[in-house]
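Architecture and fold: a report
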Amino acid sequence: MNEQIIARHWLALIAPKAAPAVATSTVLILARIWNANGAEHSIGNAVLMTALSLAAAAAGVCASIGQAGDPVIAGTAFAASGGLVLAGVAGYADGLSLPLLLWVLATAVAYGLAARYWRDDRRTRVAYERHVSDRREERTHIERVETIRGTTQIEVARSGAAYAESLAQALVTRAALPGFDPNALEAVGLPELPTHHRAA
């Protein structure tokens, strides 16, 4: 069985691993741009970001404790809440040390959460590949057994046909010998010769 070989580009392999750092870095950069455009020490902007962060966290709590709790929606809401907190602090703060500290913490938490999903995804992928490999080996074994069985049946049929042809040739040759009596063969239980051979 031939399989299609798919070679993924190195960027496609790195992109999922870089996504948490890119996301937190983007939030930090946009928050510092916002800081430079007047968000620094702005009480209104801080209240707005606090309210948005609390709303996102509340949405995450509702999504996680609901009857049909969806972990994806809850995780997205909590990530949005954390991003809004990082953006609010980075936009409100004077210096760069506190935003950078929060950026490092947010990136570490993002990688910690993502690592769990990557591990689950890898386990699922390995289990699927193992299942496919087992099915492929089972199918190959069945095909091999059926090939051997078919080859054996063909060889048995071929040898049977060759034996029948040899037996017929021997009977014809024997019937052509002088003094051959076909009735003596029939008396001991051997097959009866065809009529045209007996006439010969």
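As a reminder, the structure under discussion sits directly above these lines.
Here's a quick rundown of the structure. (Residues numbered from 1 in each chain as written. Predicted model: local features only at pLDDT ≥ 70, side-chain atom pairs only at ≥ 80, totals over all residues. Heavy atoms only, no water.)

Examining the layout of surface pockets
As a reminder of what qualifies: Here a cavity denotes a set of grid points, spaced 1 Å apart and computed over the protein atoms alone, in which a 1.4 Å probe fits but from which it cannot get out, and a pocket denotes an open set meeting protein on both sides within 12 Å along at least five of seven lines; residues with an atom within 4 Å of a point are reported as lining. Grid points are joined across faces, edges and corners, and a volume is the space filled by probe spheres set on the points. Where helices and strands are cited, they refer to DSSP runs of H or I of at least four residues and of E of at least two residues respectively, numbered from the N terminus. Any residue that is not Ala, Val, Leu, Ile, Met, Phe, Trp, Tyr, Cys, Pro, Asp, Glu, Lys or Arg is counted as polar, Gly included; the first ten are nonpolar and the last four charged.
Of the volumes computed, that of the largest pocket is approximately 740 Å³. Taken together, 25 residues make up the lining of the largest pocket; nearest its centre are G75, F78, A79, A110 and L113. Elements with a contribution of two residues or more to the lining of the largest pocket: α1 (10-39), α3 (71-92) and α4 (97-176). A per-element tally of the lining of the largest pocket places α3 first, with 10 residues. In the lining of the largest pocket, the residues fall into 19 nonpolar, 5 polar and 1 charged.

A short note on the nonpolar core
Threshold: Buried Ala, Val, Leu, Ile, Met, Phe, Trp, Tyr and Cys residues that are joined via side-chain atoms within 4.5 Å together make up what is termed a nonpolar core. Note on exposure labels: buried denotes an accessible area under 20% of the residue type's maximum, exposed denotes more than 50%, and partly exposed covers the range between, all computed with a 1.4 Å probe on protein chains only.
Counting residues in each nonpolar core, the largest one holds 5 residues, listed as L28, A31, M49, A87 and A90. Elements that contribute at least two residues to this core include exactly α1 and α3.

What about a positive patch on the surface?
What counts, and what does not: Residues with no salt bridge and a relative accessible area higher than 30% make up the patches, which join like charges within 9 Å and nonpolar side chains (Val, Leu, Ile, Met, Phe, Trp, Tyr) within 5 Å. The protein chains shown are the only cover counted for residues, whose accessible areas, like all others here, come from Shrake-Rupley with a 1.4 Å probe. Within this document, salt bridges are pairs made up of a side-chain nitrogen of Lys or Arg and a carboxyl oxygen of Asp or Glu, the two lying within 4 Å of each other. Positive charges come from Lys and Arg alone, negative charges from Asp and Glu alone, with His and the N- and C-terminal ends not counted. By convention, the charge on Lys lies at NZ, on Arg at CZ, on Asp at CG and on Glu at CD.
Taken together, K17, R116, R119 and R122 make up a surface patch of like positive charges. Of the residues forming the positive patch, the biggest block, 3 residues, is contributed by α4. Locating K17 in the fold gives a position in helix α1.

Remarks on the packing of aromatic side chains
Selection criterion: Centres within 6.5 Å make a pair out of two Phe, Tyr or Trp rings, where for Trp the six-membered ring is used; the pair is then stacked when the planes are under 30 degrees apart, edge-to-face when over 60, and tilted otherwise.
Under the defined criterion, the tally for this structure stands at 1 aromatic pair. Geometrically, the ring pair formed by Y111 and W118 is edge-to-face, given 6.1 Å between the ring centres and 65 degrees between the ring planes.

So, helix α2 (residues 43-65)
Turn by turn, an α-helix covers 3.6 residues, leaving residues three or four places apart pointing in a common direction. Here is the rule we go by: Each residue after the first adds 1.5 Å to the expected span of a helix.
With 23 residues, α2 extends 33 Å from end C-alpha to end C-alpha; this agrees with the ideal 33 Å at 1.5 Å per step. Burial in α2 covers these residues: M49, S53, A56, G60 and A63.

Focus: the pattern of salt bridges
Tallied over the full model, the rule gives 4 salt bridges. A salt bridge links E146 to R149, with the nearest nitrogen and oxygen atoms 2.7 Å apart. In this pair, E146 and R149 are both assigned in helix α4, 3 residues apart and thus about one turn of the helix distant. The shortest N-O distance in the salt bridge between R158 and E155 comes to 3.1 Å. Separated by 3 residues within a single helix, R158 and E155 lie in helix α4, roughly one turn from each other.

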